[in-house]
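Single-letter residue listing:
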Amino acid sequence: DQLNNRKEYIYNNNNKKLNTLHELKESILTNIQNKSNETIELNKQINLLTNQVQLHSNIKTNRENARKQQVNESTVLDNNTLRMKKITTRRQLVDSIKAQAEEIDYLKQELDKLRQKTFPSFIRHNKTII
């Protein structure tokens, strides 16, 4: 009888432990399944976010390229405008220098005429006698 009781106690105890282990196993399997589903969802989010980051990066790169192109175009326009201003300024200087040179030549000629009137030169002319 005592042996039977002991056997029954061990059997029940083992059944309880076995049931507890089965419940633990089911709990762990459920937890693993939940974690797998969560991992799948997180991977989907990672892919979605990666695509969004890549898209935003492309947009940012395109905007930066557009800005650089605008800066380059404005720089080219500024350079062309500056070059044109330099050319026109130089041309104006050259024209004013030519005008001043012509005026100086005219004034020198006038000075020579006045000098000849006031101080006639006494240059000897050789007269040939016939």
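As a starting point, this report considers the structure included with it. Note that the structure is predicted; figures quoted are calculated from it, not measured. (Residues numbered from 1 in each chain as written. Predicted model: local features only at pLDDT ≥ 70, side-chain atom pairs only at ≥ 80, totals over all residues. Heavy atoms only, no water.)

1. Topic: the overall build of the protein
Tallying secondary structure elements over the protein gives one helix and zero strands in all. Against the compact-globule benchmark of 14 Å for 130 residues, the protein has a radius of gyration of 54 Å, which places it well outside the compact range. Each principal axis of the C-alpha atoms in the protein carries an extent, and together these give about 185 × 25 × 20 Å. Buried residues in the protein amount to 0% of all 130 residues. Carbon and sulfur atoms form 55% of the exposed surface of the protein, whose accessible area is close to 13,300 Å². (Helix = DSSP H or I, 4+ residues; strand = E, 2+ residues; numbered from the N terminus. Rg over C-alpha atoms; globule rule 2.2 N^0.38 Å. Buried < 20%, exposed > 50% of the residue type's maximum accessible area, 1.4 Å probe, protein only. Areas by Shrake-Rupley, 256 points an atom, 1.4 Å probe, with all protein chains shown as cover.)

2. Focus on the pattern of salt bridges
The final tally for this structure, using the stated rule, is four salt bridges. As a salt-bridge pair, Asp 95 and Arg 91 come within 3.2 Å of each other at their nearest N and O atoms. You can see Asp 95 and its partner Arg 91 sitting in helix H1 (residues 2–118), four residues apart, about one turn around the helix. Taking relative accessible area as the criterion, Arg 91 reaches 45% and is therefore assigned partly exposed. (Salt bridge = Lys/Arg side-chain N within 4 Å of Asp/Glu carboxyl O.)

3. Description of a nonpolar patch on the surface
Taken together, the side chains of Leu 21, Leu 24, Ile 28, Leu 29 and Ile 32 make up a nonpolar region of the molecular surface, amounting to roughly 460 Å² of accessible area. Summarising the element assignment, Leu 24 is placed in helix H1. (Patch = residues over 30% accessible without salt bridge, like charges linked within 9 Å, V, L, I, M, F, W, Y side chains within 5 Å.)

4. A few points about the environment of Asn 31
The residue Asn 31 is located in helix H1 in this model. Expressed as a C-alpha distance, the spacing of Asn 31 and Thr 75, which sit 44 residues apart in the sequence, is 63 Å.

Remember, this is a structural readout, not a statement about activity or role.
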